[in-house]
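Inside the fold
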Amino acid sequence: ETLMRNVQPFYADFSFGHLAIAHNGNLTNAEGLRKELISRGSIFHSTSDTEALIHLIATSPAQGVENKIGEALSHVEGAYSLVILANDKLIGMRDAMGVRPLVLGKLGSAMILASESCALDIIGAELVRDIEPGEMIVIESDGSVTSHHPLPKKPKRFCIFEYVYSSRPDSLTEGKNIYET
């Protein structure tokens, strides 16, 4: 549904600070999550799957923003890549099956997250690597990068439509050129 209230990134204030989240994908259990969250008192302002993620993070019993995000995502089914700005951290997360792509890049000393490598090319950044399925990348304000795997491993299921429909032909995905593939 094309409504201004569904435009990403979504922003919220939490007990641990601020968080903005952008999401590419489809949460297949979003409707069930939404109903459960509403029954527990959550108030929704959009029809986007992404807003359910905000409520799951807000209500997570885990400590620390990375742990809250990981715990929240343990309740989610479906395909997604996420980019989250939380206080002074940039966090990227890819679903456990790796259905949607997410890459790590570098421009000077700045680390960058993008859904496709061609986005890095456009700004003159270099591709560092693909984010692995189920991997969470945390980029600190000093530029340091850490990797976490908060979700259990699942069989890899990269989406074929990324090769034939979604991605630009000049992108590299999973180490392969989209056009050549």
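Residues numbered from 1 in each chain as written. Predicted model: local features only at pLDDT ≥ 70, side-chain atom pairs only at ≥ 80, totals over all residues. Heavy atoms only, no water.

As for the sheet that holds strand β2 (residues 17-27)
If you walk across this open sheet you meet the six strands as β1-β2-β3-β4-β8-β9, and the pairing is antiparallel. Of all the strands in the sheet, just β1 (10-14) and β9 (145-148) have a single pairing partner and so form its edges. Ignoring which end each strand starts from, the neighbouring axes of this sheet average 20° apart. Relative to strand β3 (residues 78-86), β2 is paired through nine bridges, and the arrangement is antiparallel. In the strand pairing of β3, Leu27 is matched with Gly78. (Pairing = 2+ DSSP bridges. Helix = DSSP H or I, 4+ residues; strand = E, 2+ residues; numbered from the N terminus. Axes fitted to C-alpha atoms, helices over the stretch in contact; angles between N-to-C directions.)

Some thoughts on the sheet that holds strand β6 (residues 110-114)
The strand order β6-β5-β7 describes an open sheet built from three strands, whose pairing is antiparallel. Strands at the two margins of the open sheet, each flanked by one partner only, are β6 and β7 (126-130). Each neighbouring strand pair of the sheet contributes to a mean axis angle of 30°, computed without reference to strand direction. As paired elements, strand β5 (residues 103-107) and β6 share five bridges and run antiparallel to each other. The residue of β6 that forms the bridge with Lys106 is Met111.

Brief notes about the confidence of the model for the protein
Within the protein, residue pLDDT values average 88, and 85% of them lie at 70 or more. Helix α5 (residues 161-166) is the least confidently modelled element of the protein, averaging 55 in pLDDT, while strand β8 (residues 136-139) averages 98, the highest of any element. (pLDDT = per-residue confidence, 0-100.)

Quick look at the pattern of salt bridges
According to the stated counting rule, one finds five salt bridges in the structure shown. Between Lys89 and Glu66 there is a salt bridge whose closest N-O contact spans 3.0 Å. Of this pair, Lys89 sits in strand β4 (residues 89-94) while Glu66 sits in helix α3 (residues 65-73), placing them 23 residues apart in sequence. Across the pair, exposure class does not vary: Lys89 and Glu66 are buried alike. For Arg129, the salt bridge goes to Glu135, with nearest N and O atoms at 2.6 Å. For Glu135, a relative accessible area of 2% puts it in the buried group. Counted as one network, the salt bridges with shared partners bring together Glu66, Lys89 and Glu140. (Salt bridge = Lys/Arg side-chain N within 4 Å of Asp/Glu carboxyl O. Buried < 20%, exposed > 50% of the residue type's maximum accessible area, 1.4 Å probe, protein only.)

With respect to the pairing of β3
Two elements, β3 and β4, share six bridges in a ladder whose sense is antiparallel. Paired with Ala86 across the strands is Lys89, a residue of β4. A loop of two residues connects β3 with β4, the two strands running antiparallel in sequence, and Asn87 in this loop sits at a positive phi of about 55°.

Regarding the environment of Ser115
Assignment of secondary structure puts Ser115 in the loop between β6 and α4 (117-123). Note: C-alpha distance between Ser115 and Ile131 (16 residues apart in sequence) is 9.8 Å. Other than its neighbours up to four places away in sequence, Ser115 contacts Pro101 and Leu102. (Contact = heavy atoms within 4.5 Å.)

A closer look at helix α2 (residues 49-59)
Taken across its 11 residues, α2 has nine buried, putting it largely inside the fold. Those residues of α2 that fall on the buried side of the exposure criterion are Asp49, Thr50, Glu51, Ala52, Leu53, Ile54, His55, Leu56 and Ile57. On its buried face, α2 sits against β1, β2, α1 (30-39), α3 and β3. Its side-chain oxygen 3.1 Å from the backbone nitrogen of Thr50, Ser48 forms the N-cap of α2. (Polar contact = N/O pair within 3.5 Å; in protein donor to acceptor, adjacent residues only side chain to side chain.)

Quick notes on a nonpolar patch on the surface
Taken together, the side chains of Leu107, Ile122 and Ile123 make up a nonpolar region of the molecular surface, amounting to roughly 290 Å² of accessible area. Mapped onto the elements, Leu107 comes out in strand β5. For Leu107, a relative accessible area of 38% puts it in the partly exposed group. (Patch = residues over 30% accessible without salt bridge, like charges linked within 9 Å, V, L, I, M, F, W, Y side chains within 5 Å. Areas by Shrake-Rupley, 256 points an atom, 1.4 Å probe, with all protein chains shown as cover.)

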